[in-house]
Amino acid sequence: MGEFGIIAQVLVNGILFGTMYGIAAIGLSLIYGTMRIIFFAQGAIIVFFAYICYWFFALLGLDPYLSLILIIPISLLLGMGFYFGLFKEAAALEDKNISLLIAIGLMWLVENFMAVVWSGDPRTVVTAYTSWVLRPGGLNISFTRLMALLIALLSSVGVFVFLKRTLIGTAVRAASEDMESTTLMGINPNWVNAVTFAIGIGLAGTAGVGLATVYSFDPTYGFTFVIMSVIALAFGGMGNVFGALLGGIILGVLQGLGAYFVSPTWADAICFGAFLLVLMFRPQGLFGKKE
Amino acid sequence: MVKKSKKQKMKDEKLAKHPFNLLKSLIPTKLTRNHIYIIIVALIVAAFATVPSFIDVDTSYFAYFLFLCFLYIVIAQGWNVVAGYAGQISLCQNTFFGLGAYTTALLWLLDVTKTGYYFDPVLMVLSGLVPAILAIIIGIPLLSRLRGDYFAIGTLGVQFSVTVLFLKGGAFTKGADGLHLPSTVFQSMTPYYWTGFLLALFAIAVVYFINRSRIGLALKAIREDETAAASRGVHILKYKVFAFAVGAFLAGIGGSLFAYYLFHINPDSVMHLNWLFFPILMCVLGGNGTIIGPIIGAFFLAAISSFGDVYFAQMHPIFSGLLIILVMKFMPTGIIGLKDRIFSRR
Amino acid sequence: MANQLLEVKGIDVFYGDAQALWDVSIHVEEGAIIALVGANGAGKSTLLKAISGLIHARKGEILLSGKSLSNLNPREIVDRGVIHVPEGRRLFSTLTVLENLKLGAYVPRARSMFAESLERVFSLFPALNTRIDQKAGSLSGGEQQMLAIGRGIMAQPKLLMLDEPSLGLSPILVKTMFELISALNEQKTTILLVEQNIRQALKIAHQAYVLKTGEIAMSGRGDELLANEEIRKAYIGERVSKR
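Not measured: the values here are computed from a predicted model. Residue positions are counted from 1 within each chain, in the order its sequence is given. Naming scheme: in the order in which they are written, chains are lettered from A and ligands are numbered from 1. Reporting in this predicted model follows two pLDDT cut-offs: at least 70 for local features of residues, and 80 or more for side-chain atom pairs to be given and counted; totals over whole chains, interfaces and linings ignore these cut-offs and use all residues.

Participant: Describe the overall build of chain B, listing the residues and the values that go with them.
Facilitator: Counting from the N terminus, the helices are the DSSP runs of H or I reaching at least four residues and the strands are the DSSP runs of E reaching at least two. A count of helices and strands for chain B gives 16 helices and two strands. Here chain B holds 346 residues, and the buried ones make up 44% of them. Restricting the contact set of chain B to residue pairs at least 6 apart, pairs at least 24 apart contribute 80%. In this scheme every C-beta is placed from the backbone, and a residue whose C-beta has 20 or more other C-beta atoms within 10 Å is buried, one with 12 or fewer is exposed, and one in between is partly exposed. Here, residues touch in the contact sense if the C-beta positions derived from the backbone fall within 7 Å of one another.

Participant: So what's going on with the overall build of chain A? Which residues, and what values?
Facilitator: For chain A, the count of helices and strands is eleven helices and two strands. Of the regular secondary structure in chain A, the N- to C-terminal order runs α-α-α-α-β-β-α-α-α-α-α-α-α. Every radius of gyration here is taken over C-alpha atoms, with the globule rule written as 2.2 Å times N^0.38, N being the number of residues. Radius of gyration (C-alpha) of chain A: 19 Å, near the 19 Å computed for a compact globule of 291 residues. For chain A, the C-alpha atoms occupy an extent of roughly 60 × 45 × 35 Å along the three principal directions. Among the 291 residues that make up chain A, the fraction classed as buried is 56%.

Participant: Could you give an account of unusual backbone geometry, with specific residues and numbers?
Facilitator: Unlike most non-glycine residues, S119 of chain A shows phi in positive territory, near 65 degrees. Note on placement: S119 of chain A falls in the loop between α4 (96-118) and β1 (133-134). Non-glycine residue R90 of chain C carries a positive phi angle of around 50 degrees. In this structure, R90 of chain C sits in the loop between β6 (82-85) and α3 (97-104). For R90 of chain C, a count of 18 C-beta atoms within 10 Å corresponds to the partly exposed category.

Participant: Any details on the interface of chain A and chain B? Residues and values, ideally.
Facilitator: The interface of chain A with chain B comprises 25 residues on the first partner and 28 residues on the second. The element contributing the most residues to the side of chain A that touches chain B is α4 of chain A, with twelve residues. Class assignment of the residues belonging to the side of chain A that touches chain B gives a composition of 20 nonpolar, four polar and one charged. Classification convention: Asp, Glu, Lys, Arg as charged; Ala, Val, Leu, Ile, Met, Phe, Trp, Tyr, Cys, Pro as nonpolar; all other residues, Gly among them, as polar.

These results come straight from atomic positions and should not be treated as a statement about function.
Here it is as structure tokens:
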């Protein structure tokens, strides 16, 4: 196949996986917009839903993609529950560090809960089609990765439409810019926060399904994942749904190329270096709106 | 001119009638409030100092518990300075802790200071300085460009990178297995107790002096409202980096103390995320940004740890996470804050 | 005895431990323009925030047509027709003009009257109609202020509170702005106007209050205060006419 073909393969894989980072990044962007914190627990929750997807399959024989029908509503409800249960009071405070610490606490809680209850063994969902590979033009595209891409794209479009075309979505956009002004319109900030949070967790649920079908995962993977999602967000910039998605893709590609040309362990370091560079020299990201 | 509304005057009257204040007014005027505090502190210090004469330090579990408290106090105050006073969330405190431990271990093994294998103050100071210097080096670029949450992420990156470096440190750090230190010299628990005690006092003193100094004022101003502080001419970067470095220093000497205790230093034992969680938890429980808060938190956590080691070894981090959430939700100002709230309400 | 739409009775407002308002009382008569003037930092915006529910007054009462607003949250206060157009416009710059106006009419009571409110806004501010799909951030200063007020009108206000609407506008636009406010009032909207441009504010106001370091220093009819020596000296600055 030749060098070029391999690179193309790496690129394709990077793009496909990067969309997972992308939708996690969209979730982070939304939550940051209204609550002004980086929701660190995002990664752990994605892994949590990956486990749910796994158990749905292992115990109920429920196909992962079908399980989305259950997982999406569950995650949306869970998101609402998290907000009203955990963050509501803290969100009203001036000191955002308190909300941040709650998010970190939640991350530890979820991650270690999973480690205790489901053990540290890596899992992945293996179905009849997880080994299917499509071969357009000499490239190998795994079916599940392609499906993950599709899910990511659909989710992004869904969020975009929600933000632009619904009144609540418009309120969310407004609140991300100026929460106090939004309150003066008679819009309840708690509801805006809760809706945004719910969508963020909903996206986590979706990413979890994608993760379960594509990768093997264990409880500690969430941490790595959220860091990558933050990097994706930094690349893409805040406030832009498709920008965040693209940021994820760029990251996926960077990671893939780094792993290929240097080594897998250094790939992460490279991504991190790029992250710091972007933060220092273009903090609004490649596509973001300026603060 | 300070104008007191009627309500404020009524509040002052009520406060004056509070039993504690009545007691205070009974004390002869020669003894001011400060004197009282000094006496109380001196008594407490003396009490701890005399513990070894009452208890057989080597076998007593209580002595071990106190040692743990001292260690915890040191690292808690580290977080207190950087997050409680300066308001920066630094997620690489465990890295600094680990660096301190490794520095001690390496210098010890290389017998650099030729003091043999025993508690060496020079070594300990160095173990604090190494992370502090690292903090300054990375702190300047990170703190000058990154706000709040992004700074936190930046510190996470530091944590990542350094841990990887140590895992791959090859012959120097002996990778995942780590360094083994000879333990034969340490037969008794007593030096641990004393060193721990002194270090804890040192950490508390550091925070006390910061609190009272201009640095403390500047940090509080930055924490409350950074833009306002900047417009008043407070050199933001200088103070943030200072706080970051002090936090690193304290974490480092904590790590050093721990190295003397553990003898087997590897990334898992000294760079474990617990060494990041615990200081946060302690300050959050006791009260961030206060002098006594972390101390209270430290005793609490040491108690839970000892208890937990017996029963809930594995459940530890789950409890930590849950505790942080609950405390932040219901009493974000910690136990100290609770006391304030009780005493200033009607 | 004219109808008192809004009564603020002896409120104290604190920011944390710092007191900003001391025993402040004002009355807003229905159908009138009430001006609240004073120097920077006197507490005018704070008073509006206390009325609209962004801050809670620690003492005292705020009554709308006799019913208390004191324990209500901002949403409920907006629902009762008290609309606060904040200082500095505070538009949603990344949203379009139409989207800003839509959000103005968010509460159900206003949403049902959306079409009518929109028409009213466009008749008052024709310029907005032509820019309806433009992002609010790209409008000129004057247009932004119009949009801010228009957004307030979309909420079907019984009491419209404007915080420094003339701030940052050119003299011609300032004149237009005050003419607009008078026109709004002629359409039967009660207006509570906070202004630093004391002269213009007192000219159109029926009643006025002067706020000084958190307390009501003076009150009276607009024209009375305008003629008052103290006010002229302190705030308006007598100019020796060279004509």
